[in-house]
Amino acid sequence: TVPASGGARWRRYEAKLHAEVLDRMQLRTDLDRAFAEDAFQLAYQPIVELGSGRTVGFEALLRWPHPERGMVSPALFIPLAEESGLIVDLGAWVLRTAVATASRWHRERPQDPMYMSVNVSVRQFRSPEFVDQVFAELARSGLPAHLLTLEITESLLLGEHEQIHADIARLRAAGIKMSIDDFGTGYSSLSYLHRVPVDTLKLDKSFVDTITTSAQQLDLVRGIIQLAAILALDVVAEGIETEEEHGLLFEARCRFGQGFLFNRPLTEADAHTLIAKRE
Ligand code: C2E
Ligand code: MG
Ligand code: MG
Ligand code: MG
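Values in this document were obtained by computation on a predicted structure and should not be read as measured data.

Calculation rules
What you see as residue numbers is a count from 1 along each chain, following the sequence as written. Labels follow written order: the first chain is A, the first ligand is 1, and so on. Local features are withheld for residues below a pLDDT of 70 in this predicted model, meaning they are given only at 70 or higher, and side-chain atom pairs are given and counted only at 80 or more; totals for whole chains, interfaces and linings count all residues. Heavy atoms from the whole structure form the basis of all side-chain values; hydrogens and water molecules are not counted. Numbering of helices and strands runs from the N terminus, with a helix taken as a DSSP run of H or I at least four residues long and a strand as a DSSP run of E at least two residues long. Given the number of residues in a helix, its expected span is that number minus one, multiplied by 1.5 Å. Remark: exposure states derive from per-residue accessible area (1.4 Å probe, protein chains only) relative to the maximum for the residue type, with buried under 20%, exposed over 50%, and partly exposed in between. This arc describes the spread of directions from the helix axis toward the C-beta atoms. Each metal site is built from N, O and S donor atoms within 2.8 Å (3.2 Å for Na, K and Ca), and since water is not included, such sites may look incomplete. A pair of strands is labelled paired if DSSP reports no fewer than 2 bridges between them. Geometry is summarised by axes, namely lines fitted to C-alpha atoms with helices restricted to the contacting stretch, and by angles between N-to-C directions that run from 0 to 180 degrees. Oblique is the label for every angle not falling under 35 degrees (roughly parallel), over 145 degrees (roughly antiparallel), or within 65 to 115 degrees (roughly perpendicular). Any two residues whose heavy atoms approach within 4.5 Å at even a single point are treated as in contact. For this scheme, ten residues count as nonpolar: Ala, Val, Leu, Ile, Met, Phe, Trp, Tyr, Cys and Pro. Four count as charged, namely Asp, Glu, Lys and Arg, and the remainder, Gly too, count as polar. Take the buried residues of types Ala, Val, Leu, Ile, Met, Phe, Trp, Tyr and Cys, join any two whose side-chain atoms come within 4.5 Å, and each joined set is a nonpolar core. In this text, near means that some heavy atom of the residue lies within 4 Å of the molecule or strand in question. Pairs of N or O atoms are called polar contacts if they sit within 3.5 Å, as long as, within protein, a hydrogen donor faces a hydrogen acceptor (for residues adjacent in sequence, only side-chain-to-side-chain pairs). For accessible areas, the Shrake-Rupley method is used with a probe of radius 1.4 Å. Any residue's cover is judged against the shown protein chains and nothing else.

> So what exactly am I meant to see when it comes to helix 5 (residues 130-141) here?
Side chains that are three or four residues apart share a direction in an α-helix, a result of its 3.6 residues per turn. Over its 12 residues, helix 5 extends 17 Å from the first C-alpha to the last, a length consistent with the 16 Å expected when each residue adds 1.5 Å. Within helix 5 the residues assigned to the buried category are F130, V131, V134, E137, L138 and S141. For helix 5, the arc enclosing every buried residue in end-on projection is 125°, short of the 170-degree limit, so these residues lie on one face. Facing away from the buried surface of helix 5 by more than 90 degrees, the exposed residues are A139 and R140. Positioned one or two residues after helix 5, G142 has a phi angle of 80°, which is positive.

> Help me understand the coordination of the magnesium ion (ligand 2), please; the structure alone is not making it clear to me.
Six octahedrally arranged donors around a metal ideally form angles of 90 or 180 degrees; four tetrahedrally arranged donors ideally form angles of 109.5 degrees. The protein atoms donating to the magnesium ion (ligand 2) are E59 (OE), N119 (OD1), E151 (OE) and D181 (OD), with metal-donor distances spanning 2.0 to 2.2 Å. The distance between the magnesium ion (ligand 2) and the magnesium ion (ligand 3) comes to 3.8 Å, and D181 binds to both of them. One end of the pair, E151, is in strand 5 (residues 148-153); the other, D181, is in strand 6 (residues 177-183), and 30 residues separate them in sequence. There is no split in this pair, since E151 and D181 are both buried.

> Explain the pairing of strand 1 (residues 41-49) here, please?
When a strand is regular, its side chains alternate between the sheet's two faces. With eight of its nine residues buried, strand 1 lies for the most part within the structure. For strand 1 and strand 2 (residues 55-66), the ladder comprises eight bridges, and the chain directions are antiparallel. Bridge pairing in strand 2 links Y44 to A60. Once strand 1 ends, the chain turns through five residues before running back antiparallel as strand 2, passing G53 with a positive phi of about 80°. Strand direction decides the pairing type here: strand 1 and strand 9 (residues 256-257), joined by two bridges, are antiparallel. Bridge pairing in strand 9 places V48 opposite G257.

> Is there a simple way to explain the packing of helix 2 (residues 74-84) against helix 3 (residues 86-108) in this structure?
Helix packing for two helices is described by the angle between their axes and how far apart those axes are. At their nearest, the axes of helix 2 and helix 3 sit 5 Å apart, and the two run at 120° to each other. Judged by the inter-axis angle, helix 2 sits oblique to helix 3. Here helix 2 contributes F77, I78, A81, E82 and S84 to the contact with helix 3, which in turn contributes L86, I87 and L90. Its residues placed into classes, the contact of helix 2 with helix 3 shows six nonpolar, one polar and one charged.

> So what exactly am I meant to see when it comes to the nonpolar core here?
The biggest cluster of nonpolar side chains holds 77 residues, and the ones touching the most others in it are F58, M116, F125, L148, L150, L171 and L249. The leading source of residues in this core is helix 3, at 10 residues. Here F58 is in contact with Y44, Q45, P46, I47, W105, M114, Y115, M116, S117, A271, L274 and I275, once residues within four sequence places are set aside.

> Explain the site of ligand 1 to me, please; I cannot follow it from the model alone.
Taken together, 21 residues sit near ligand 1, with R63, N119, D181, E241 and F260 positioned nearest. A distance of 3.1 Å is found between a nitrogen atom of ligand 1 and a side-chain nitrogen or oxygen belonging to Q45. At a separation of 3.1 Å, a nitrogen atom of ligand 1 approaches a polar backbone atom of L62. Burial of ligand 1 by the surrounding chains reaches 81%, relative to a free accessible area of 800 Å². Looking at the shell around ligand 1, the elements with two or more residues in it are strand 2, helix 2 and strand 6. Take the shell around ligand 1: its biggest share by element is four residues, from strand 2. Each residue belonging to the shell around ligand 1 can be placed in one class, and the counts come to eight nonpolar, five polar and eight charged.

Shown next, in the form of structure tokens:
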């Protein structure tokens, strides 16, 4: 028999679990409604060259202003949208909006090209229409293909290899750049890199966070950057927050970075202002 206190604890646990499930169900309903009501927004975070501080591109990041909860983190709602399948349509909206924005900026300042980096979830990439959608958005907007980067994750590259590799090859043959996001957090990491044709590694923030306090982590990061150089891949370090991190990464020959030290994700208007005031 369960002691009374244990029973009470169990019931509290059960109630909490129940509340969490209901909360997720509610959020999913809200997500569908937000999509139907066109309530999502994009923020644009500059990607800079660490040596010069110049902005070379932007990452498009989804924002969901929820009527009661305020801004809901994409880390919370993207997995829900993946589960429900909404991510396919939502991701298509992100792609269309980010490409249209990049193309407007490019038409305004063709002498100063900047790329747009768009996150693509596994389920979205695997949807049969994805590659054609990308080509259609480039054709519609007139954005040169080399100014579009697609960020994928290591998990996309596990299993189902042939179709995914063929799709990546088609995208790259058209001039689109491919980037591995959150690099170092997945399992496959170093060994498959020579077989996966990508252009860029985005070094995960969890590495950047530790380089100032751990010599071993710093060595590991140096090793990743050297390996990337051997494979002719660019490296973008994510989540740079301090000058010390910036300095260590630059010394380690990491060429690009993004983070709160340089800029937070900006509204489209603020990103436009930042571009427009450049020489
Ligand atoms: P991510 O693609 O790795 O994006 C980088 C995240 O780090 C962003 O969080 C960005 O705001 C945050 N960040 C950038 N610099 C710093 C920094 O210096 N310090 C800290 N603490 N954070 C920094 P965000 O916007 O909350 O997005 C979280 C994740 O949600 C993204 O991680 C990405 O995996 C996913 N996500 C966002 N937008 C999209 C989208 O349009 N489609 C898909 N499939 N996923 C998205
Ligand atoms: Mg990303
Ligand atoms: Mg990332
Ligand atoms: Mg990350």
